[in-house]
Amino acid sequence: MKRLHFYGLLASLFILYMPGIANAQKLDAANTKRIVDAKNYVFKAQSVTPSRGSLRQLTSDYDLTVAGDSLIAYLPYFGRAYSAPIDSEGGIKFTSAKSDYRVKQ
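Residues numbered from 1 in each chain as written. Predicted model: local features only at pLDDT ≥ 70, side-chain atom pairs only at ≥ 80, totals over all residues. Heavy atoms only, no water.

Chemist: Pulling in residues and values, what's your account of the confidence of the model for the protein chain?
Modeler: Looking at the protein chain, the pLDDT average stands at 76 and 71% of residues meet or exceed 70. By mean pLDDT, helix H1 (residues 2-24) is the weakest element of the protein chain at 52, and strand S1 (residues 40-48) is the strongest at 90. Across residues 20-24, where pLDDT falls below 50, the model places zero contacts with residues more than four positions away in sequence or in other chains. (pLDDT = per-residue confidence, 0-100. Helix = DSSP H or I, 4+ residues; strand = E, 2+ residues; numbered from the N terminus. Contact = heavy atoms within 4.5 Å.)

Written out as structure tokens, the structure is:
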């Protein structure tokens, strides 16, 4: 009987908590369009699906930053490295000062 009460309490807490999660992740289209048109945002990668394998959750902070005409990337790399520098942290890192940024729906 105690176990039944515990599961009932757990289910009610879950149901009460879910609307808060849904509202936190909600973006309206106008706000998203404004951010993309302004050319100033950061994309944070949380998961990846490599060409071989299934979905993986990322444990490091990988991101792609768009700031005006510059593009700064630190993205994961899944593949084979035949020769790698000793002091490498892994991943793909680059900075581009010139980018051809176009928005299409």
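Chemist: Explain the pattern of salt bridges to me, using residue names and the numbers behind them.
Modeler: One pass over the structure, following the stated rule, counts two salt bridges. Asp37 is paired through a salt bridge with Lys33; the nearest N and O atoms lie 2.8 Å apart. Taken as a pair, Asp37 and Lys33 lie in helix H2 (residues 29-37) at a separation of four residues, close to a single helical turn. Exposure remark for Lys33: the relative accessible area of 47% places this residue in the partly exposed category. Of the charged contacts in the structure, one is a salt bridge between Lys44 and Asp63, with a shortest N-O distance of 3.8 Å. Here Lys44, found in strand S1, pairs with Asp63, found in strand S2 (residues 56-67); they are 19 residues apart in sequence, far enough to count as distant. (Salt bridge = Lys/Arg side-chain N within 4 Å of Asp/Glu carboxyl O. Buried < 20%, exposed > 50% of the residue type's maximum accessible area, 1.4 Å probe, protein only.)

Chemist: Explain the sheet that holds strand S3 (residues 70-75) to me, and be specific about the residues and the numbers.
Modeler: The strand order across the open sheet built from four strands is S1-S2-S3-S4, with neighbouring strands paired in antiparallel fashion. Looking at the sheet topology across the chains shown, the edges are occupied by S1 and strand S4 (92-96). Within the sheet, the average angular offset between the axes of one strand and its neighbour, ignoring direction, is 10°. Relative to S2, S1 runs antiparallel, the two sharing eight bridges. Looking at S2, one finds that Phe43 is bridged to Leu64. (Pairing = 2+ DSSP bridges. Axes fitted to C-alpha atoms, helices over the stretch in contact; angles between N-to-C directions.)

Chemist: Report on the nonpolar core, specifying residues and quantitative values.
Modeler: Formed by Ala45, Val48, Leu58, Tyr62 and Tyr74, the largest nonpolar core amounts to five residues. Put simply, the parts of the chain that give this core at least two residues each are S1 and S2. (Core = buried A, V, L, I, M, F, W, Y, C linked by side-chain atoms within 4.5 Å.)

Chemist: With reference to specific residues and values, describe the pairing of S3.
Modeler: Strand direction decides the pairing type here: S2 and S3, joined by five bridges, are antiparallel. Opposite Leu64, over in S3, you have Ala73 as the bridge partner. What sits between the antiparallel neighbours S2 and S3 is a turn of two residues, in which Gly68 has the positive phi angle 65°. With five bridges joining them, S3 and S4 adopt antiparallel strand pairing. The partner of Ala73 across the bridge, within S4, is Phe94.

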